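# Coordinates in review
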Amino acid sequence: MQVSEAVKARRSIRAYLDTPIPDELLKTLLEKASRAPSGGNVQPWRVYVLNGDAMDRFKRHVGECSEPETPAYDIYPNKLKEPYRTSRFKVGEDMYALLKIPREDRGARIRRLMENYKFFGAPAAIFCYTDKQMGPPQWSDLGMFLQTLMLLAQEAGLDTCAQEAWSSRPETVASFFDVPQELTIFCGVAIGYKDPEAPVNSLVSDRQGVGEFATFVR
Ligand SMILES: Cc1cc2nc3c(=O)[nH]c(=O)nc-3n(C[C@H](O)[C@H](O)[C@H](O)COP(=O)(O)O)c2cc1C
């Protein structure tokens, strides 16, 4: 598979088959993804992997953790500006339209949101952490690592969904893995084979045109 094919084929997949994934495959993907660049070659990513029985145990653990938690960070800036705000709104509405969940049905929308905490049925997942000492440059390195991993997953026939939703459950996740205090969570990534029948998986999100985000000076 060409890189450009993997980039085009990767989409956030939000319904999975329960087809198991061998640990070895996940290990190989992580090994290959570790070739992602990072400023100063700091390699600030720290990864916790869930697969097989551990996924089942983790889901039980999530069900047992009901105390409110302080989110690790604000996912979006307060008063997100245009055009970002509309872009965020649009992808959500496009997704709910495919799921036939209207705006008024808040209960159904919340239940759908809660699917994040089941990894949308994916049999495997990773959590990406970094040291609390790290700043914006290293956080961007985490993005490099994750996109590399997601493209490699695509090449291996797997689908993914990055999930910053998990930043709202930092203690739930950290207590399961016994994550050291000096690390902070960035996101989870659901990994599995997409359910081809699930309407939500037909979502193709919009993109700005090059003219909207790039400035060429001649
Ligand atoms: C770092 C990161 C975190 C994300 N967190 C979530 C999430 O918590 N839940 C979710 O359903 N999608 C999440 N997404 C998926 C985005 O909504 C998605 O990438 C965007 O709408 C573009 O769609 P595409 O990935 O299908 O191209 C996340 C994506 C990234 C890169």
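Refer to the structure presented above.
Computed from a predicted model, the values in this text were never measured in an experiment.

Our next topic: the packing of helix α3 (residues 53–64) against helix α7 (residues 170–177). The contact between α3 and α7 brings their axes to 10 Å, and the two run at 135 degrees. Considered as vectors, α3 and α7 are oriented oblique to each other. For α3 against α7, the interelement crossing comes out right-handed. Contact residues: α3 offers Ala-54, Arg-57, Phe-58, His-61 and Val-62, while α7 offers Thr-172, Val-173, Ser-175, Phe-176 and Phe-177. Classifying every residue of the contact of α3 with α7 gives six nonpolar, three polar and one charged.

This part is about the state of the cysteines. Going through the model one piece at a time under the given rule, you end up with zero disulfides. Unpaired in terms of disulfides, Cys-65 finds its nearest cysteine sulfur in Cys-187, a separation of 19 Å. On the basis of relative accessible area, Cys-65 is assigned to the partly exposed category, the value being 22%. Cysteine Cys-161 is unpaired, with the sulfur of Cys-187 as its nearest cysteine sulfur at 9.5 Å. For Cys-161, a relative accessible area of 3% gives the class buried.

Moving on, we get to the site of the ligand. The full set close to the ligand counts 15 residues, and Ser-12, Arg-14, Glu-164, Ala-165 and Arg-207 are the nearest of them. Between the ligand and Ala-162 there is a distance of 3.1 Å, counted from a nitrogen atom to a backbone nitrogen or oxygen. Note that an oxygen atom of the ligand is positioned 2.7 Å from one of the side-chain N or O atoms of Arg-207. Burial of the ligand by the protein amounts to 73% of the accessible area it has alone, namely 610 Å². Looking at the shell around the ligand, the element that brings in the most residues is strand β3 (residues 159–163), giving three residues. The residue makeup of the shell around the ligand, split by class, is six nonpolar, four polar and five charged.

Cut-off values and rules
Residues numbered from 1 in each chain as written. Predicted model: local features only at pLDDT ≥ 70, side-chain atom pairs only at ≥ 80, totals over all residues. Heavy atoms only, no water. Axes fitted to C-alpha atoms, helices over the stretch in contact; angles between N-to-C directions. Helix = DSSP H or I, 4+ residues; strand = E, 2+ residues; numbered from the N terminus. Parallel < 35°, antiparallel > 145°, perpendicular 65-115°, else oblique. Left-handed = near helix turned anticlockwise from the far one by under 90°. Contact = heavy atoms within 4.5 Å. Nonpolar A, V, L, I, M, F, W, Y, C, P; charged D, E, K, R; others polar. Disulfide = S-S within 2.5 Å. Buried < 20%, exposed > 50% of the residue type's maximum accessible area, 1.4 Å probe, protein only. Near = heavy atom within 4 Å. Polar contact = N/O pair within 3.5 Å; in protein donor to acceptor, adjacent residues only side chain to side chain. Areas by Shrake-Rupley, 256 points an atom, 1.4 Å probe, with all protein chains shown as cover.

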